[in-house]
Every structure is written in structure tokens, then in C-alpha cells.
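Overview (structure and organization)
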Amino acid sequence: MNNAIAYIYFICSMLYTIPLIAQESDSIYAKTTNSDSLHYPIKIDTISCINFKANEITFNGADWTRLFKSMEELTDTTQETRNVISIIHLGDSHVQAGYFTEALRMPMQMEWGNAGRGFIAPLKISRSNEPVDYNITSTVQWKYSRCISGKNYSNRVGTGGISIEPITPSIDITFETISQYGKDLSFSKFILLHADTDSFPHLYPTNVFEELAIQDSIFGKTCYSWKTPVNRIQLKGVNSHAPSKASIYGAILENDNNGIIIHNIGNNSAMYNNYNNIEEYGKKLACLKPKLIIISLGTNESVYSVFNHERFFNQIDTLVTSIRKENPDILFLLTTPADNRLRKRKRNKNGKRLIYYVENTNLLPIVETIKEYGALHSIAVWDWYTISGGKSAYTTWIKEGGMKKDYIHYTVKGYVQQGNLLFHSIKNAYEQHIQ
């Protein structure tokens, strides 16, 4: 895991400095700033089928002027008031693992400032995988709910699509970031997201903080702030009410810097409708104060359901509408999924189960519907399907080490390239605007 963080940080730091126009189809060259430790130029292999010319945002009439102006203001070092741009990256397993978002977050924060790690969710406590740059642990037992599961949906899920509630009255939970390889994840502001109730228990840090201030629970969040940034906070308390009154959804980690915060919210197997089923989801996302939300969904709709254009179109619309209702000034960026294959099973003559893969005929209609929705509703689209190489691109991605052999998920190398390409598309659009 630590090697994965190192790889992401190293490659992102190299790719971040390279204009998109200079990227070749077979490799990228970059110079390091430390000739004592690394030889240069460094050759960074890219997947050969990537369509660099297609790597641009189709705005469909969406006006990003206000966002780009805010980004330009972040480059003004004379500003005295804190300026933070909050971005949400919402998706499925491609986002939950964290590599895709981190490969976008790193160069964005290198360019416009690091205002904090952003949202983190108790995924391991809910028996799923967490990104490698943080740990949320506890010495007590919890029961969990997830937006992608019906059987454990007894309590309402929160901002990250999950919720945990303590089984015992005692609460003891620790949030820790993993800062390595030059990436600073320390925080001096910690916002706990939890059940919106006056009965939420008082949780107190076991850490000794200089100038600690605690803003009491209001609208489902409790804010802790202090002077010197840390990488760990442990909270303890006692719940004297029903377990659901002590539900925890996650936390927001910030520092005192100006810059970008990118919150990654991902759930394995998630589809548009899983987020649509979360009660008042737009309101729950509003606590992140987003100026832009990047929605990377559609893969699982192509794999787990029979495609129906009207139904899928309406599912996109339901999510966009609910988010916009509570966040009227928010901008959207829809991304399309890359081509994949469907996994099938059969038994041979000896009764042995065999796994094989077939063409996914749902995928292209999914892509076209996302693009159609964006065009009809003046919402920007980033067409990853075309950028990644289009039909059957998975063959090249697997051969060149960018995709796993399940024909759906990328390797760390693949996600790093995907995130960096998304970064360059945003950066290029920003530079065209300021010019």
C-alpha cells in the first residue's frame, strides 16, 4: 500500500508539470528537480491507445467562469481572507479505492494549493476497503449501513453513502491520516459528520491540543479546531440514547491554507439509483460546500442491469436535480465509463466452473446517454470512454499493465493516468479561460 502512495505521488508530480499538448502517445518525458536522487529525463510509459487529442471537457454551454475566477484568485498570494474551493468526486469502486481521485487531487493542490484531505468515511468499520491515505479504527463494535446494500439498511446513511452506529454505549473512534513521500495530510480542523439530532453524544478528543475549540453539534456536524496541525485524533464519549442517535457518517479534514479540497465519495458497485435512494442526499452533500461535483458512475449500470434508455436518463436527472436543489450554484462534470467486458460462468464436461468474458453491449448506450443528458441540460461532460481508447481498449490497457484482468478495474498505474488526464483537461480549460 505504501508503495502505491509513493508511485502516485511520484508520477503525479512528474505529469503535473507537463502540458497536455506535449504528451506523446507512447511516453511522457519529465525532468526532476533533484538530480542527486534521480536521473533525468524520466520516461513515464503511458497506455498506447489513449486518445490525447480527445482529452478535453465538453462544456455543453455550462458556464464555469465563476469557478475559474475563484481558481485564479487562489494564485494571488496577497489575499488575507481564507479561500477554499471544494470539489466532490462521487462514484463507484473506481472512486472508493482512492487512486483515481488522488491522482487528480495531487496535481490540483500542487497547482492551486492544499487546503486539506477533505471527506473521509469509516469504510473499514463498515467492512469495506478504504483509500490508503487514512485509517479510521475503533475499539468498540459498530453496526453499519451502506447505500449499496438492502440488508444492512436499518439506519439512514450519510454523506459518504454509509453510516455506522455503536452497539455499546461507549464510543471510541480514531481518525488518522498517512502522510508520506512529501504529501502533507495533517489537519487543524476536524468536522465530524453524524446524525442530525440534539441527542448526539458529546465526543471529546483524547489528544492534547493547543487552543482547542469545539463547536457544538448543529445540523449534523460537530467542529473541532486547534492551532498546530496533527495527523491523528481520537474521540471518546458515552451514548445514553438509541444507537441511531449516535450514527457517524465520516469527517472532513482541513488545514488553514488557501487552496483546493477534493472529497472522494465512492461505494463499490454503486449506481446512480443507490445515491438517489439516500434520503435528502443533496442536503447531506451541501455540508461539503461544493463548487463542483464530478460524477463518475455508469459502469455498474452497464454490468448489472438490462439497459433502458429512459430509466437511466431519469436516474441521472434525479441525482442531478436533488443535488442542485440544495446546492443551486454547483457545477457538474459527468464522466463516461470506459469499455469493459461482462463476466460469465459455465461448467465444462467435468462439472468444473469456468469463467469467461463477453462483449458488454450495454456500455456504449450508457456512454451516449450520459453525453446526451449533458448536452440537453447544459452540463459538462468528460468522455473517458473515447479518451481511454474507445471500443475494446481494455485489451491494450491489460496488456500494458493499466487494467486488471477483470476487464473493469484499473491498476494503480491506470488510475494515475486517468486522474492526471482529468487534471490536464481541467487545467487546459482554466488556462484557455484566463487567456
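The coordinates are above.
The sections below set out a description of the structure shown in this document.

How each quantity is defined
- Residues numbered from 1 in each chain as written.
- Predicted model: local features only at pLDDT ≥ 70, side-chain atom pairs only at ≥ 80, totals over all residues.
- Heavy atoms only, no water.
- Helix = DSSP H or I, 4+ residues; strand = E, 2+ residues; numbered from the N terminus.
- Buried < 20%, exposed > 50% of the residue type's maximum accessible area, 1.4 Å probe, protein only.
- Contact = heavy atoms within 4.5 Å.
- Areas by Shrake-Rupley, 256 points an atom, 1.4 Å probe, with all protein chains shown as cover.
- Patch = residues over 30% accessible without salt bridge, like charges linked within 9 Å, V, L, I, M, F, W, Y side chains within 5 Å.
- Salt bridge = Lys/Arg side-chain N within 4 Å of Asp/Glu carboxyl O.
- Pairing = 2+ DSSP bridges.
- Core = buried A, V, L, I, M, F, W, Y, C linked by side-chain atoms within 4.5 Å.

**Examining the overall build of the chain**
On a plain count of helices and strands, the chain comes out with 12 helices and 21 strands. Taken across its 435 residues, the chain has 55% of its residues classed as buried. For the chain, the share of sequence-separated contacts (at least 6 apart) that also reach a separation of at least 24 residues comes to 75%. Total accessible area on the chain stands at roughly 19500 Å², and carbon and sulfur atoms take up 48% of it.

**Focus: a nonpolar patch on the surface**
On the surface, a nonpolar cluster with roughly 270 Å² of combined accessible area is contributed by Y204, L212 and I214. By secondary structure assignment, the location of I214 is in strand β12 (residues 213-218).

**Description of the pattern of salt bridges**
On inspection of all chains with the given rule, the structure shows 12 salt bridges. Notably, a salt bridge pairs K427 with E111, separated by 3.6 Å at the nearest N-O pair. Pair noted here: K427 is in helix α12 (residues 412-434) and E111 is in helix α4 (residues 99-112), with a separation of 316 residues, a long-range link. You can call K427 buried: its relative accessible area is 13%. A relative accessible area of 27% means that E111 is categorised as partly exposed. When the shortest N-O distance is used, the salt bridge between K227 and E210 registers 3.8 Å.

**So, the sheet that holds strand β3 (residues 57-58)**
Spatial strand order, β3-β21-β18-β17-β4-β16: six strands in an open sheet with mixed pairing. Edge strands, defined here as strands with exactly one partner in the open sheet, are β3 and β16 (259-266). As paired strands, strand β4 (residues 84-91) and β16 are joined by eight bridges and run parallel to one another. Considered in β16, the bridge of S86 is made with I261.

**Side note on the nonpolar core**
F175, F190 and Y275 are the most contacted members of the largest nonpolar core, which totals 64 residues. A per-element tally of this core places helix α8 (residues 309-326) first, with six residues. Ignoring anything within four residues of it in the chain, the contact list for Y275 reads L90, G91, C147, I265, G266, N267, A270, Y281, L297 and L319. Within the second largest apolar cluster, 44 residues are counted, among which are L67, I85, L333 and A338.

**Considering the pairing of strand β8 (residues 162-166)**
Among the five residues that make up β8, five are buried, leaving the element largely enclosed by the rest of the structure. Neither face of β8 is open: one carries I162, I164 and P166, the other S163 and E165, and all of them are buried. By the bridge criterion, five bridges tie strand β7 (residues 142-146) to β8 in an arrangement that is antiparallel. Paired with W142 across the strands is P166, a residue of β8.

**Remarks on the sheet that holds strand β6 (residues 134-138)**
The strand order across the open sheet built from four strands is β6-β9-β14-β11, with neighbouring strands paired in antiparallel fashion. A strand with exactly one partner marks an edge of an open sheet, and here the two such strands are β6 and β11 (204-205). The pairing of strand β9 (residues 170-177) with strand β14 (residues 232-238) spans seven bridges and is classified as antiparallel. For I173, the partnering residue across the bridge sits in β14 and is L235.

**Topic: unusual backbone geometry**
In this model, R127 sits at a positive phi of 65 degrees, which is unusual for a non-glycine residue. Here R127 shows up in the loop between β5 (118-120) and β6. Look at R127 and you get exposed, because its relative accessible area is 68%. Notably, S392 is not glycine yet its phi reads approximately 65 degrees, a positive angle. When you line up the elements, S392 lands in the loop between α10 (384-387) and α11 (394-399). Taking the relative accessible area as the measure of exposure, S392 reaches 30% and is therefore partly exposed.

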